[in-house]
Amino acid sequence: MNTRVLVAQNGLWNLDSLGVLDNVRKDSKHLLITDKNVEKLYLRPVLESIERSGRLVRTIVVPPEESSKSFEVYARLVQTALDYGIDKYSVIFSLGGGLVNNLAGFLASTLYRGIGLIHLPTSLLAQVDAAIDFKQALNFSHGKNLIGSFYPASNVLIDPIALRTLNPRLIRCGLAESMKHALCQDSDFLNYIMSHHNHLSELDFLTETVVRSVKLKLEMMAPSLHSDREEVVKQYGHAVGHAVEHLSGGEIYHGEAISIGMCVSAEIGRLLGVTDEETVDIHYRSLAMLGLPTTVPYEFSLGDIWEKVRYDKHFFRDRAYVGLLRTVGVPSNSGEDGLHGHWVSREVLFEAIEVNRRAGLRSAY
């Protein structure tokens, strides 16, 4: 699987001149999926860029809510696509954040067993994570991203200019995934992000953060889709993070939930004698400095969290499977069963969450 990733300021206005449309056939009909928020901001320049090139595209607008990543919305998109007359050479453009990227990606992977896909991510979270990965997914009542596929976009065009209209909360949420790569792979990148914690909306900082995050993520994708070493890094903090996100019903955003999940992972590592105390403290201090939450809300019971963790794709034989760190930039290799991650019992997870909940003072800076 191959994807061309291009970072270009003002790229959304210049898809044709940047070569993003080179393999999009003019004699096929194409679809563009976006959400109501992005529609107001960036739909017009993108449509003008596509139509200027002589290609036909129809726009579908979905609600900007996690509920859009559902079978119901997916079925309506299939109906619209087939009624419109797409063919096996058609392309689906996704213009939006991770929600739109995932929904459009899954649709593209299933129509005619796979048609064209081009991602135009507009949120920081999508630019550093969702649009880069080959994972396309829908949610289900049991949990997040439970139905999906591996399917590459032919092109991912990242325009940092789109980040200027993001609210601060969404900037922080995107930085959570960048922090994941920094904590797991690159201590210098961690220091870079922290040195700008008072200037998170500056375009130069965001552009550099996107470029460095993408490079680190691509390192984790290059060897193999199913490489255990790379997978535990990409999923660092996600087992508990996804559980918290799902239980919140959308009140806790993805990046916020992953921030919490990474702190719990650090506590698991400390309990297992894997992660040193300084690294645990760095998790709390650095994420709190960015304005991200670090502790599991008391409103979610341990039993409910465990029930959602059970639907994590790595869960097996009544144990969670998680990546842990030895120190910043150095993932742990458990060596158990030839794997890099660590098997975690319910008792250890519960203890880690309870310690995390008592760690509020740790987040002070």
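Preceding block: the structure.
All right, on to the overall build of the protein chain then. Counting its secondary structure elements, the protein chain contains 13 helices and 12 strands. With the principal axes as the frame, the protein chain shows a C-alpha extent of 60 × 40 × 35 Å. Counting all 365 residues of the protein chain, 57% fall into the buried class. Across the protein chain, contacts joining residues at least 24 apart in sequence account for 77% of those joining residues at least 6 apart. Summing over all exposed atoms, the protein chain offers an accessible surface of approximately 15,100 Å²; the carbon and sulfur share of this is 49%. With 37 positive and 43 negative side-chain charges, the protein chain shows a separation of 5 Å between the mean positions of the two kinds.

Now for empty space enclosed by the protein. Rolled over the atoms, a probe sized like a water molecule indicates the empty space that remains. Under the definition given, this model contains one cavity of 30 Å³ or more. In this model, the largest cavity occupies a volume close to 120 Å³. As for the largest cavity, its lining consists of 14 residues, of which Q235, A239, Y321, V322 and G323 are closest to the centre. Mapped by element, the contributors of at least two residues to the lining of the largest cavity are α8 (228–234), α9 (238–247), α10 (254–271) and β9 (320–322). Tallying contributions element by element places α9 first for the lining of the largest cavity, with three residues.

Before going further, it helps to spend a moment on the pairing of strand β4 (residues 91–96). Judged by how many residues are buried, β4 sits mostly within the fold: six of six residues are covered. Of the two faces of β4, both are covered, the one formed by V91, F93 and L95 as well as the one formed by I92, S94 and G96. Bridge count between strand β2 (residues 29–35) and β4: four bridges; the pairing is parallel. Counted as the bridge partner of L32 is F93 from β4. As judged from the six bridges shared by β4 and strand β5 (residues 116–121), these two strands associate in the parallel manner. Residue pairing in the sheet places V91 in a bridge with G116 of β5.

Taken in spatial order, the six strands line up as β1-β8-β5-β4-β2-β3 in an open sheet, and their pairing is parallel. Each end of this open sheet is capped by a strand with a single partner; those strands are β1 (4–7) and β3 (56–62). If you compare each strand with its neighbour and ignore which way they point, the axes differ by 15 degrees on average. The pairing of β2 with β3 spans seven bridges and is classified as parallel. In the sheet register, K29 faces β3, and the bridge partner there is L56. Sheet contacts for helix α2 (residues 71–84): β2 and β3; angle to β3, the most-contacted strand, approximately 160 degrees.

About the cut-offs
- Residues numbered from 1 in each chain as written.
- Predicted model: local features only at pLDDT ≥ 70, side-chain atom pairs only at ≥ 80, totals over all residues.
- Heavy atoms only, no water.
- Helix = DSSP H or I, 4+ residues; strand = E, 2+ residues; numbered from the N terminus.
- Buried < 20%, exposed > 50% of the residue type's maximum accessible area, 1.4 Å probe, protein only.
- Contact = heavy atoms within 4.5 Å.
- Areas by Shrake-Rupley, 256 points an atom, 1.4 Å probe, with all protein chains shown as cover.
- Lys, Arg positive; Asp, Glu negative; His and termini not counted.
- Charge placed at Lys NZ, Arg CZ, Asp CG, Glu CD.
- 1 Å grid on protein atoms, 1.4 Å probe; cavity = no way out; pocket = protein on both sides within 12 Å on 5 of 7 lines; lining within 4 Å.
- Points joined across faces, edges and corners; volume = space filled by probe spheres on them.
- Pairing = 2+ DSSP bridges.
- Axes fitted to C-alpha atoms, helices over the stretch in contact; angles between N-to-C directions.

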